[in-house]
Amino acid sequence: MGFTFAHQLIVIVLVASMLGVSLANKDWGSHHHRPHNLTNGPRRIIVGGSQSWHFGVNYTDWSLKNAPFYLNDTLVFKYDPPSNTTFPHSVYLLPNPKSFLNCDLRKAKMMANPTQGSGNGFELVLKRRKPYYFACGERNGFHCKVGLMKFAVAPLRRRRY
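Procedures and definitions
Residues numbered from 1 in each chain as written. Predicted model: local features only at pLDDT ≥ 70, side-chain atom pairs only at ≥ 80, totals over all residues. Heavy atoms only, no water. Helix = DSSP H or I, 4+ residues; strand = E, 2+ residues; numbered from the N terminus. Contact = heavy atoms within 4.5 Å. Areas by Shrake-Rupley, 256 points an atom, 1.4 Å probe, with all protein chains shown as cover. Pairing = 2+ DSSP bridges. Axes fitted to C-alpha atoms, helices over the stretch in contact; angles between N-to-C directions. Patch = residues over 30% accessible without salt bridge, like charges linked within 9 Å, V, L, I, M, F, W, Y side chains within 5 Å. Salt bridge = Lys/Arg side-chain N within 4 Å of Asp/Glu carboxyl O. Buried < 20%, exposed > 50% of the residue type's maximum accessible area, 1.4 Å probe, protein only. Disulfide = S-S within 2.5 Å.

### Structural notes on the overall build of the protein chain
And then number 1: Along the protein chain, the regular secondary structure elements total four helices and seven strands.
And then number 2: When contacts within the protein chain are restricted to residue pairs at least 6 apart in sequence, those whose partners lie at least 24 apart make up 72%.
And then number 3: Accessible surface, the protein chain as shown: approximately 9400 Å² in total, 56% of it carbon and sulfur.

What follows is the structure, given as C-alpha cells:
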C-alpha cells in the first residue's frame, strides 16, 4: 500500500500543527507579564496528568493542551503493571509521522515494557530538538489505534532573558 495523497496531507497537517503549537507561545507576554514559555528549568511532566497512561484517554489532545515542551523536560509514563484487573501498557517511540499515523510498530523502539510504568513510572528526557512520536504498543497497536494512546511532541529550546 502506497503513501497516498490523503496520507501525505494528513502528515503535513500534523507536522504543521505540532510546529504551530510549539511556536504559539514564542512572543507571549510583555514587559508587564512574564512570557508563558520562560521556565526556571526542566519540568517533570506526568503523561496524561491525573489520568496517567491508560486506554481511552486522548493523548494527542492532552499533549496539545500541555504544550509547549522543552529540551530536557522529563516525560513520566505511569501505568499499572499487568494483573487480572488491568490491561498491560508499554511505551514505544515511533520513527516517523507515517508510523505514528498508522500505529505501525514494526520499526518502533520499545522504551518501556508493561512493568516499567509502575511505582514512580518510566521517565524519558527530551534530549534532542526533533519530533518524538509515542504510542502504546500493546495488543499489536490496538491501544494506539482504538484507545488513542499516542501523541507527538516537538521540544523547543528554553528562552532566557
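### Some remarks on the sheet that holds strand β5 (residues 122-125)
And then number 1: Pairing within the open sheet is mixed, and its three strands lie in the order β1-β2-β5. Among the strands making up the open sheet, the edge pair consists of β1 (44-46) and β5. Between one strand and the next, the sheet's axes are offset by a mean angle of 25 degrees, whatever the strand orientation.
And then number 2: Direction of pairing for β1 relative to strand β2 (residues 74-77): parallel, over a ladder of three bridges. In the sheet register, Ile-45 faces β2, and the bridge partner there is Leu-75.

### Description of a nonpolar patch on the surface
And then number 1: There is a patch of nonpolar side chains on the surface, built from Phe-55, Phe-142 and Val-146 and spanning about 260 Å² of accessible area.
And then number 2: Mapped onto the elements, Phe-142 comes out in helix α4 (residues 142-145).
And then number 3: The exposure class assigned to Phe-142 is partly exposed, which follows from its relative accessible area of 39%.

### Remarks on the state of the cysteines
And then number 1: Throughout the structure, instances matching the rule amount to one disulfide.
And then number 2: With a sulfur-sulfur separation of 2.0 Å, Cys-103 is cross-linked through a disulfide to Cys-144. Because the sign of the S-S torsion sets the handedness, a value of about -75 degrees for the bond joining Cys-103 and Cys-144 places this disulfide among the left-handed ones. Placement of Cys-103 in the loop between α3 (97-102) and β4 (109-112) and of Cys-144 in helix α4 is noted, with a sequence separation of 41 residues between them. Comparing Cys-103 with Cys-144 shows no difference in burial state: the two are buried.
And then number 3: Free of any disulfide, Cys-136 has its nearest cysteine sulfur in Cys-144, 8.2 Å distant.
And then number 4: The buried category is assigned to Cys-136, whose relative accessible area is 0%.

### Section: the sheet that holds strand β7 (residues 150-153)
And then number 1: The strand order across the open sheet built from four strands is β4-β3-β6-β7, with neighbouring strands paired in antiparallel fashion. The strands lining the two open edges of the sheet, one partner per strand, are β4 and β7. Across the sheet, the mean angle separating the axes of adjacent strands is 30 degrees when strand polarity is ignored.
And then number 2: Inspection of the sheet shows strand β3 (residues 91-94) paired to strand β6 (residues 132-135) by three bridges, in the antiparallel sense. The residue bridging Leu-94 from the neighbouring strand is Tyr-133, located in β6.

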